[in-house]
Amino acid sequence: METARMPRLGGAITTLITPFRHGCLDRPALRALAEWQILSGVDGLTVCSTTGEGPTLSQQERAEVIDLVIRSAAGRVPVIAATGTTSTDSTIALTREAEVLGAAAALVTVPYYSKPGQQGIVHHFEQLAAASGLPVIIDHAPAHTASDLSTETLGRLATIPGIFGIRDATGDIARFVGLSAILRQRFRFFSGHDPSALAFTIAGGDGMISSGANVVPRLFISMQQAARAGNLSAARSLQDRLMPLISVLGPEGDPARIKHALRLVRGLKAELRLPLVAAEPEVCLAIGEALAPFLDESSTRMALSL
């Protein structure tokens, strides 16, 4: 299948949580969250990821989330749909659906749980690229998938035209820096690990697909902009401000923690779907303490304009 034109993605991309109310998708809250993120200046939105509790969504709900956010974005920012599953066939089906709905790209995890091995990973993405024209960003998160992409496998994946990016959630900057110039030029690389995202960008990365940006998007955006402009002093100052919050939210963003933070910032309901449960009281207290400086700075205005 002919591959679509590759989107120009970079900077700070938020991987959105999915709001629920009484067990159902909270559409007004999702629209409001997407609008707030866009007005805050994010460079893109990702939906249905693990941060968005994608594995708990029905196929109909996934389609609704993708469609609703694309309509809300109205072309102002690209929308990336997370479509990866443990099965190649279901990944293809979800990716085709996201393509029909108008997603700019698909974020596709390395198949998890089954541990397919390097050969199986390559064949998985070969079949996906052959079946769909939607550009693919590979989501490399070994902590979730128990499968690590070797440098040799990256080289084989680089021969597949439909794959244009890698989201690296390992936090291993040395490994990224050690990649050949050919691989670094072939793919667009995004950090999926908030604590090391600034270092990743300074080392030559193209930006971040961030869970923490759900909560204080403008600060994440400003950090990325400063780094890309070469203003490293300002970028590191922003990182210092963000690190207490990033630390308590977790490197890849625990949906329970992010939703509690958004309850404090935006008044959003913190409802989750099993097997996820609410953050422990001591964690909620730590989140409140980490957010306190931002809440104190702008008081009630934060929820409207941060």
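Keep in mind the model is a prediction, meaning the values are calculated, not measured. Numbering of residues begins from 1 in every chain and follows the order in which that chain's sequence is written. Reporting in this predicted model follows two pLDDT cut-offs: at least 70 for local features of residues, and 80 or more for side-chain atom pairs to be given and counted; totals over whole chains, interfaces and linings ignore these cut-offs and use all residues. Only hydrogens and water are removed before side-chain values are computed, so all heavy atoms of the structure are retained for them.

## Section: empty space enclosed by the protein
The gaps of empty space that remain are located by a probe, the size of a water molecule, rolled over the atoms.
Next, step 1: Throughout, the protein atoms alone are placed on a 1 Å grid, and a set of points is a cavity if a 1.4 Å probe fits but cannot get out or a pocket if it is open with protein on both sides within 12 Å along at least five of seven lines; lining residues have an atom within 4 Å of a point. Grid points are joined across faces, edges and corners, and a volume is the space filled by probe spheres set on the points. Inspection of every chain in the model, using the stated rule, returns one cavity of 30 Å³ or more.
Next, step 2: By volume, the largest cavity is sized at about 90 Å³.
Next, step 3: Lining the largest cavity are His140, Leu149, Leu154, Ile166, Asp168, Arg175, Phe176, Leu179 and Phe189.
Next, step 4: When contributions to the lining of the largest cavity are tallied by element, the ones reaching two or more residues are β8 (163–168) and α7 (173–177).
Next, step 5: Amino acids are sorted into nonpolar (Ala, Val, Leu, Ile, Met, Phe, Trp, Tyr, Cys and Pro), charged (Asp, Glu, Lys and Arg) and polar (every other residue, Gly among them). Looking at the lining of the largest cavity, its residues break down into six nonpolar, one polar and two charged. Working definition: helices are DSSP H or I runs of at least four residues, strands are E runs of at least two. Numbering for both runs from the N terminus.

## Brief notes about the pattern of salt bridges
Next, step 1: We define a salt bridge as a side-chain nitrogen of Lys or Arg found within 4 Å of a carboxyl oxygen belonging to Asp or Glu. All told, the structure shown has 10 salt bridges when counted by the stated rule.
Next, step 2: One salt bridge connects Arg273 with Glu61, and the closest N-O pair in it is separated by 2.7 Å. Of this pair, Arg273 sits in the loop between α12 (255–266) and α13 (281–298) while Glu61 sits in helix α2 (residues 59–73), and the two are 212 residues apart along the sequence.
Next, step 3: Close ionic contact of Asp139 with Arg167 constitutes a salt bridge, the shortest N to O distance being 3.0 Å. Placement of the pair is Asp139 in strand β7 (residues 136–140) and Arg167 in strand β8, with a sequence separation of 28 residues. For the pair Asp139 and Arg167, a shared accessibility class is recorded, and that class is buried. For the exposure calls, accessible area comes from a 1.4 Å probe over protein chains only, and a residue counts as buried if that area is under 20% of its type's maximum, exposed if over 50%, partly exposed in between.

## Overview of helix α3 (residues 88–101)
Residue pairs three or four apart in sequence face the same way in an α-helix, which turns once every 3.6 residues.
Next, step 1: Take the number of residues in a helix, subtract one, and multiply by 1.5 Å to get its expected span. In this model α3 runs 20 Å from its N-terminal to its C-terminal C-alpha over 14 residues, within 8% of the 20 Å that 1.5 Å per residue would give.
Next, step 2: Within the sequence span of α3, burial applies to Thr91, Ile92, Leu94, Thr95 and Ala98.
Next, step 3: In what follows, a contact means two residues having at least one pair of non-hydrogen atoms within 4.5 Å. Against α2, β5 (79–82), β6 (105–109) and α4 (117–131) lie the buried residues of α3.
Next, step 4: If you check the start of α3, you find a side-chain oxygen 3.3 Å away from the backbone N of Asp89, and it comes from Ser87.
Next, step 5: Gly102 sits one or two residues past α3 and shows a positive phi near 105°. In protein, a polar contact requires one atom able to donate a hydrogen and another able to accept it; more generally it is a pair of N or O atoms within 3.5 Å, and residues adjacent in sequence count only if both atoms are side-chain atoms.

## Remarks on the pairing of β8
Next, step 1: Most of β8 sits out of view: six of its six residues are buried.
Next, step 2: Two strands qualify as a pair provided that DSSP identifies no fewer than 2 bridges between them. In this structure, β7 lies alongside β8, joined through five bridges in parallel fashion. From the neighbouring strand, Ile138 faces β8, where its bridge partner is Ile166.
Next, step 3: One ladder, built from four bridges, connects β8 with strand β9 (residues 188–191); its direction is parallel. Residue pairing across strands places Ile166 opposite Phe189, the latter belonging to β9.

## Describing the packing of aromatic side chains
Next, step 1: Only centres within 6.5 Å qualify two rings of Phe, Tyr or Trp (six-membered ring in Trp) as a pair; their planes then separate them into stacked at under 30 degrees, edge-to-face at over 60, and tilted for everything else. Under the definition given, this model contains three aromatic pairs.
Next, step 2: Here the aromatic rings of Phe187 and Phe189 are separated by 6.0 Å at their centres, their planes lie at 90°, and the arrangement is edge-to-face.
Next, step 3: The class for Phe187 is buried, based on a relative accessible area of 2%.
Next, step 4: Phe189 gets classed as buried once you look at its relative accessible area, which sits at 3%.
Next, step 5: Three or more aromatic residues link up through ring pairs in this structure, and these residues are Phe176, Phe187, Phe189 and Phe200.
Next, step 6: Both a distance and an angle decide whether a charge sits over a ring: NZ of Lys or CZ of Arg must be within 6 Å of the ring centre and within 35 degrees of the ring normal. The side chain of Arg184 reaches across the aromatic face of Phe176, ending 4.5 Å from its centre.

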